[in-house]
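Overview (structure and organization)
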Amino acid sequence: MRAMATTDHGSPEVLKLLDLPEPIVGDLDLLIEVYATAINPVDYKIRKTVNYGGVVRQMPFIQGYDVSGIVKALGRHVQHFKVGDAVYASPSLARPGANAERVAVDHRLAAHKPDSLDHVQAAALPLVTLTAWDCIHKRGAVQAGETVLIHAGAGGVGHIAVQLAKIAGCRVITTASRPETIDLCRKIGADVIINHAQEDFITRVQQETKNQGCAVVVDTVGGEVFDKSLECVAINGRMVTIVYNESAKIGPALFRKNATLHLEFMGVPAIHGIHPESQSETLRAAAALVDAGRLRPHVGKVISLEEIPEGHRLQESGRAIGKTVVKVR
């Protein structure tokens, strides 16, 4: 089986196209013929970091945490799927991923692919949708009429989070800086787009909210953006971040507002086996929104399996728009 494998921790040069053994299909698994996968920030973080997410990985290992494809075989205890089904999923960060011709995925992490999308479009959805859904609904617990600040609205997680917040009836403020990213934020329905390269987003948020702040702030960037975003949270608000902030300066910013901080790591259900079926449920709900014309992924670039190292470089540069999808078949 052809696979783009990570052979060491380091630069994209450690990614090598290899012939590796077929996946081992467990009792709860779907064997999926991969039509498309996608690149996410977690790919380069795992590539560079030993034991990322507390998982020990033996070299070489296969990354790729999105998949859209066709079911080729079933484990003994699989329910709700059959051979030939078109499915999409986010494979576990603790198991071999979808940068290969085939991948084995716990069926509780998968759902039937949205009928209105092809495999390339569908592969852009799973990981970022699971992350955005948790940020907006489970951690942020948004309510209709609330104002939500979502950073990097043209990014992978950001462009889905903006749409989910709008579907929930929220007023959405987002950040972007390039003409093409500002244009995408406008197309997906953001109410206010702050060009963070030209103006201070704290000042603008206060202006837009009459100094009340935002009920929910979703940080997809980390670092200084996280620290500054604490000033944008409203009284009794919720701050949600998907980035590990080792030197975060929370201080009194949230305490004096009686606000809460939520950390979102979408890999937990699959890695630890804690309610993994929640991911299937989310993907089913997302597919219904897609097929109803209410949610749409943005594919910024399509590459081949051989071009995955370049996909890592693009993702790591911070200039990827929407999702970079890998067309495998």
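Residues numbered from 1 in each chain as written. Predicted model: local features only at pLDDT ≥ 70, side-chain atom pairs only at ≥ 80, totals over all residues. Heavy atoms only, no water.

Quick word on the overall build of the chain
Convention followed: In DSSP terms, a helix is any run of H or I states spanning at least four residues, a strand is any run of E spanning at least two, and both are numbered starting from the N terminus. Within these notes, the globule rule equals 2.2 Å times the number of residues to the 0.38 power, and the radius of gyration is based on C-alpha atoms. Burial status follows relative accessibility: with a 1.4 Å probe on protein chains alone, a residue under 20% of its type maximum counts as buried, one over 50% as exposed, and anything between as partly exposed. When checking whether two residues touch, look at their non-hydrogen atoms; a contact exists if any pair is within 4.5 Å. Charge convention: Lys and Arg are scored as positive, Asp and Glu as negative, and His as well as the terminal groups of each chain are ignored. Lysine's charge is taken at NZ, arginine's at CZ, aspartate's at CG and glutamate's at CD.
Summing up its helical and strand segments, the chain has eleven helices and 16 strands in all. Its C-alpha radius of gyration of 19 Å places the chain within 12% of the 20 Å reference for a compact globule of 329 residues. Principal-axis analysis of the C-alpha atoms places the extent of the chain at approximately 60 × 40 × 35 Å. When each of the 329 residues of the chain is scored for burial, the buried share is 56%. Within the chain, counting contacts between residues at least 6 apart in sequence, those at least 24 apart form 67% of the total. Counting 36 positive and 35 negative side-chain charges, the chain places the averaged centre of each group 3 Å from the other.

Observations concerning the sheet that holds strand 4 (residues 61-62)
What links the strands of a sheet is backbone hydrogen bonding, and the strands pair in either a parallel or an antiparallel sense. This is how it is decided: One bridge is not enough; two strands pair if DSSP finds at least two bridges between them.
Across the sheet, three strands lie side by side as 2-1-4; this open sheet has antiparallel pairing. One side of each edge strand has no neighbouring strand; the edge strands of this open sheet are strand 2 (15-19) and strand 4. Strand direction decides the pairing type here: strand 1 (residues 2-6) and strand 2, joined by five bridges, are antiparallel. Among the inter-strand pairings, Met4 is bridged to a residue of strand 2, identified as Leu17.

Here's the deal with the packing of aromatic side chains
For the record, the criterion: Here is the rule: rings of Phe, Tyr and Trp (six-membered ring for Trp) pair when centre to centre is within 6.5 Å. Planes less than 30 degrees apart are stacked, more than 60 are edge-to-face, and the remainder are tilted.
The full count for this structure, using the stated rule, is one aromatic pair. Both rings, one in Tyr52 and one in Phe265, keep their centres 6.4 Å apart while their planes meet at 90 degrees; by these two values the pair is edge-to-face. In this pair, Tyr52 sits in the loop between helix 1 (41-48) and strand 4 while Phe265 sits in the loop between strand 14 (260-263) and helix 9 (268-272), placing the two residues 213 residues apart along the sequence. Exposure remark for Tyr52: the relative accessible area of 22% places this residue in the partly exposed category.

Regarding the pattern of salt bridges
Note the cut-off: By definition, a salt bridge exists where a carboxyl oxygen of Asp or Glu is found within 4 Å of a side-chain nitrogen of Lys or Arg.
Applying the stated rule across the entire model yields 27 salt bridges. Of the charged contacts, one joins Glu306 and Arg2 as a salt bridge, the two residues approaching to 2.6 Å between their closest N and O atoms. In this pair, Glu306 sits in the loop between strand 15 (299-304) and helix 11 (308-317) while Arg2 sits in strand 1, placing the two residues 304 residues apart along the sequence. Judged by its relative accessible area of 41%, Glu306 is partly exposed.

Brief notes about helix 3 (residues 126-139)
The test is simple: Residue count minus one, scaled by 1.5 Å, sets the expected span of a helix.
Between its terminal C-alpha atoms helix 3 stretches 18 Å, which fits the 20 Å expected from 14 residues at 1.5 Å a residue. With eleven of its 14 residues buried, helix 3 lies for the most part within the structure. Turning to helix 3, its buried residues are Pro126, Leu127, Val128, Thr129, Leu130, Thr131, Ala132, Trp133, Asp134, Cys135 and Ile136.

A few points about the side chain of Gln163
Mapped onto the fold, Gln163 is located in helix 4 (residues 156-167). Under the relative-accessibility criterion, Gln163 is labelled buried at 7%. Every residue in contact with Gln163, bar those within four places of it in the chain, is listed here: Ile188, Arg294, Leu295 and Arg296.

Focus on the state of the cysteines
Where we set the bar: To count as a disulfide, a pair of cysteine sulfur atoms needs to be within 2.5 Å.
All chains considered together, the criterion is met by zero disulfides. Not engaged in a disulfide, the cysteine Cys185 finds its nearest cysteine sulfur in Cys214; these two sulfurs lie 15 Å apart. We classify Cys185 as buried; its relative accessible area is 0%. Just so you know, Cys214 is unpaired, no disulfide at all, and the nearest cysteine sulfur is the one on Cys232, 6.3 Å from it. Of the residues examined, Cys214 reaches a relative accessible area of 0% and is grouped as buried.

Quick notes on the sheet that holds strand 12 (residues 214-219)
The condition that has to hold: Only the stretch in contact is used when a helix axis is fitted, and all axes are lines through C-alpha atoms; the angle between N-to-C directions ranges over 0 to 180 degrees.
Strand order across the open sheet formed by six strands is 11-10-9-12-13-14, with parallel pairing between neighbours. The open sheet has two edge strands, strand 11 (192-195) and strand 14, and neither has a second partner. Pairwise comparison of adjacent strand axes, ignoring direction, gives a mean angle of 20 degrees for this sheet. Examined bridge by bridge, strand 10 (residues 171-176) and strand 11 share four bridges and lie parallel to one another. Following the sheet pairing, Thr174 is matched in strand 11 by Ile193. Packing of helix 3 onto the sheet brings it into contact with strand 9 (147-150), strand 12, strand 13 (233-241) and strand 14, and relative to strand 13 it is tilted by some 150 degrees. The strands touched by helix 5 (residues 179-187) within the sheet are strand 10 and strand 11, with strand 10 carrying the most contacts at an inclination of about 165 degrees.

A closer look at unusual backbone geometry
Cis geometry marks the peptide bond from Met59 to Pro60, where omega comes out at -10 degrees. Within the chain, Asn51 stands out as a residue other than glycine whose phi angle is a positive 60 degrees. You can see Asn51 is positioned in the loop between helix 1 and strand 4. Residue classification places Asn51 among the partly exposed residues on the basis of a relative accessible area of 37%. For His275, which is not glycine, the phi torsion reads 50 degrees and is therefore positive.

What is shown is where atoms sit, not what they do.
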